[in-house]
Amino acid sequence: MPELDRKATSVFAGKVVRKDLVRKVKVGVNVPVFVLEYLLGKYCATDDPVAIEAGLKVVNSTLAENFVRPDEANKAQSFVREKGTHTIIDKVKVRYLSEDDKYWAELINFGHKYVHVPERFIREYDRLLLGGIWAQVELRHQYDDTATGKRSPFWIDEMRPIQLGSFDLKEFSEGRRQFSTEEWIDLLIRSIGLEPAHFSRRLKLLFLARLIPLCEQNFNLVELGPRGTGKSFAYQELSPYSILLTGPTTVANLFYNMATGKMGLVGLWDAIAFDEVADLQKMQKEVVTTLKTYCESGTFARGKDAMSGAASMALFGNTNQPVEVMVRSSHLFIPLPDIIREDMAFLDRLHFYLPGWDIPKMRVEFFTDHYGFVVDYLAEALRELRRHNFTEMLDHYFSLGSHLNARDVKAVRKTVAGLIKLIYPHGEIAREEMIELAELALEGRRRVKEQLKKMGSFEYYQTSFSYIDNETREERYVGVPEEGGRGLISADPLAPGSVYTASVDDQGKIGLYRLEVGCSPGTGKLKIGGSVDTAMKESMQRAFAYLQGHKINMGIAQTFDVTDFYVEAVDLLANRISCDAGIAMVVAIYSALKKHTALPGLLILGDLSIQGNIKAVRSLSEPLQVGMDNGARRALIPLENKRNFLEVSGDIVERVDPIFYSDPLTAAMKALGMN
């Protein structure tokens, strides 16, 4: 037996199981994984192939004879009546009815809500009252001669929990001390059914990051990536305390039903996962609004009452393009439905963006044949760890940089705390180990902020995330693969008639466009192609009207009158923010007619009135920041904005050369380098 298997079976005797046997039986029967693992642990806890084969036969026959399918409830009840006694495998819930002053058991698949249960089981297994447990139950059919209250012919004689009746976190933590960090991570990876030998250290940590919502209260995770990478597996198979939703939901279902007075899912489950998040497009806006408040504070309002919940949220979705294409053409929240994607305040509440494209599609050889935790034991450990707070442990070694605001700090702390609970549940972590967790947490949160920055809102532009060593005061910056500019603004000269332009709207959002002007023989007409919004189209038409009236002064009259112009505006950030593109339009047409390219890496700012008066830009910092991040090396700026240049940050001043202009002709000539 390999060393890790030997250690696991020794330290956690009876709490680990061979994962290849689970897969072998699971294929043929549709029962919860923890039911299978209980039976396998009972009948196949050996290395002897002959004994394992015999044990598998017992497991299969036990399932065939004792597991009750929901559609066979009447048949099972009749069988118990005819036979007198019978052992079944089912989920048992117990509730107390005050009118009878009695406890009643409910057998879910057996389909009976009133089964007599001895009170000794309730005292021994308190989880019967907290949502129920799966168990092997010996049932007896007998006439109920109770004089008053409800009657039932079914009685429980014996109950053996298949799930844990109780959990000892101290024992779990002491067991962790027997393993090195590498061994413990490998044991956890095997517990979710995978063989760690196939994966790098980073990949192992990403697999574990998927489990953070199960052990950290009110944690918000998003993972977008290719299909077939096992995104939602943990929430479907690993824990009985999580629920996987596969379509739109309602405020009443998710939070609180005012009609029935019952708490929704956030009060019933530890983690709520939304699978195929793109299917939420038809979800009511009220759900997202309430979810936004809940994801920030764990509270929500229904009617006159403010309520709270501890459930974590996980959003899983599929990408339809390679990550390189999404990064180059838009941003990494594109797979989300519009109702979520366009609400930047909601996206800002996501604590960790797990890069699903880094995780390989599941293949048969990735599955393990070794021992891992029985999933119910692991689920209990994760649930118990939710009660503990490890968020301050990062402060023992590091503080966070100035670019992290309060929401960023909270996200990083909660991610680090979740990873510590998974990997270091005993609370003992060295400085180098903390660096690994802190950098992963900073990367996941920065990925969220980078996308918000690309979506065009200047308030998210501080994304240089860092952490500072408390002893040496050394500051280290943490990046993401998608960090920084995407080269949207080419450093090479564009074809004549093509220019870059940007502007900022009244909400501080940035529009970045490439204007392309095509010329053909004609009579001086303009056609604007594509889906250009009204305000931008009007600014382009004003610029064209100005050129028509001043073509002689600008020295383009002869060619202008015999040319038709086709203009297309390419939205480089794909955020549909309007752009005042008047001066860029003038420069683009001037460049096309003169057959002269604009300066390379040039970003054009500013608009003009119908009489040619220059309209200053609302603010310089935002469009120049976007331009710099995307490769701009110089900017054409209205002279009136020169006083605003003092407000621009030093790194922009250092990297982007300003070119000022006071009228359209000067702008056109300077843009082409003809002055």
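Residues numbered from 1 in each chain as written. Predicted model: local features only at pLDDT ≥ 70, side-chain atom pairs only at ≥ 80, totals over all residues. Heavy atoms only, no water.

1. What to know about the overall build of the chain
What counts here: To qualify as a helix, a DSSP run of H or I must reach at least 4 residues; to qualify as a strand, a run of E must reach at least 2; elements of each kind are numbered from the N terminus. Here the term buried applies to any residue with accessible area under 20% of the maximum for its type, exposed to any over 50%, and partly exposed to those in between, with areas from a 1.4 Å probe on protein chains only. For the area figures, the Shrake-Rupley method with a 1.4 Å probe applies, and any residue is considered shielded solely by the protein chains shown. A residue counts as positive if it is Lys or Arg and as negative if it is Asp or Glu; His and the chain ends are not included. Working definition for charges: the position is that of NZ of Lys, CZ of Arg, CG of Asp or CD of Glu.
Along the backbone of the chain there are 25 helices and 28 strands. Burial statistics for the chain: of 675 residues in total, 55% are counted as buried. Counting every atom, the chain has about 28400 Å² of accessible surface; 49% of that belongs to carbon and sulfur. Charge separation in the chain, taken as the distance between the mean sites of 83 positive and 89 negative side-chain charges, equals 3 Å.

2. Here we look at the environment of Val 288
Put simply, the rule reads: Here a residue-residue contact requires only that any non-hydrogen atoms of the pair lie within 4.5 Å.
Within the secondary structure layout, Val 288 lies in helix α13 (residues 285-297). Taking the C-alpha atoms as reference points, Val 288 and Asp 343, 55 residues apart in sequence, are found 8.7 Å from one another. If we ignore the near neighbours within four places in the chain, the residues touching Val 288 are Met 283, Ile 339, Ile 340, Asp 343 and Phe 346.

3. Some thoughts on unusual backbone geometry
Unusually for a residue other than glycine, Glu 276 sits at a positive phi of about 50°. One can find Glu 276 in the loop between β11 (271-274) and α13. Not every positive phi belongs to a glycine, and Arg 473 is a case in point at roughly 60°. Assignment of secondary structure puts Arg 473 in the loop between β18 (466-469) and β19 (475-477).

4. Brief notes about helix α25 (residues 664-671)
As a reminder of what qualifies: In this description, the arc belongs to the directions extending from the helix axis to the C-beta atoms. Think of a polar contact as two N or O atoms within 3.5 Å of one another; within protein, one of them needs to be a possible hydrogen donor and the other a possible acceptor, and neighboring residues in sequence only count if both atoms come from side chains.
If you check which residues of α25 are buried, you get Pro 664, Ala 667, Ala 668 and Ala 671. Burial along α25 is one-sided: seen end-on, the buried residues are contained in an arc of 95°. If you check the start of α25, you find a side-chain oxygen 3.1 Å away from the backbone N of Leu 665, and it comes from Asp 663. Following α25 by one or two positions, Gly 673 has its phi on the positive side, about 70°.

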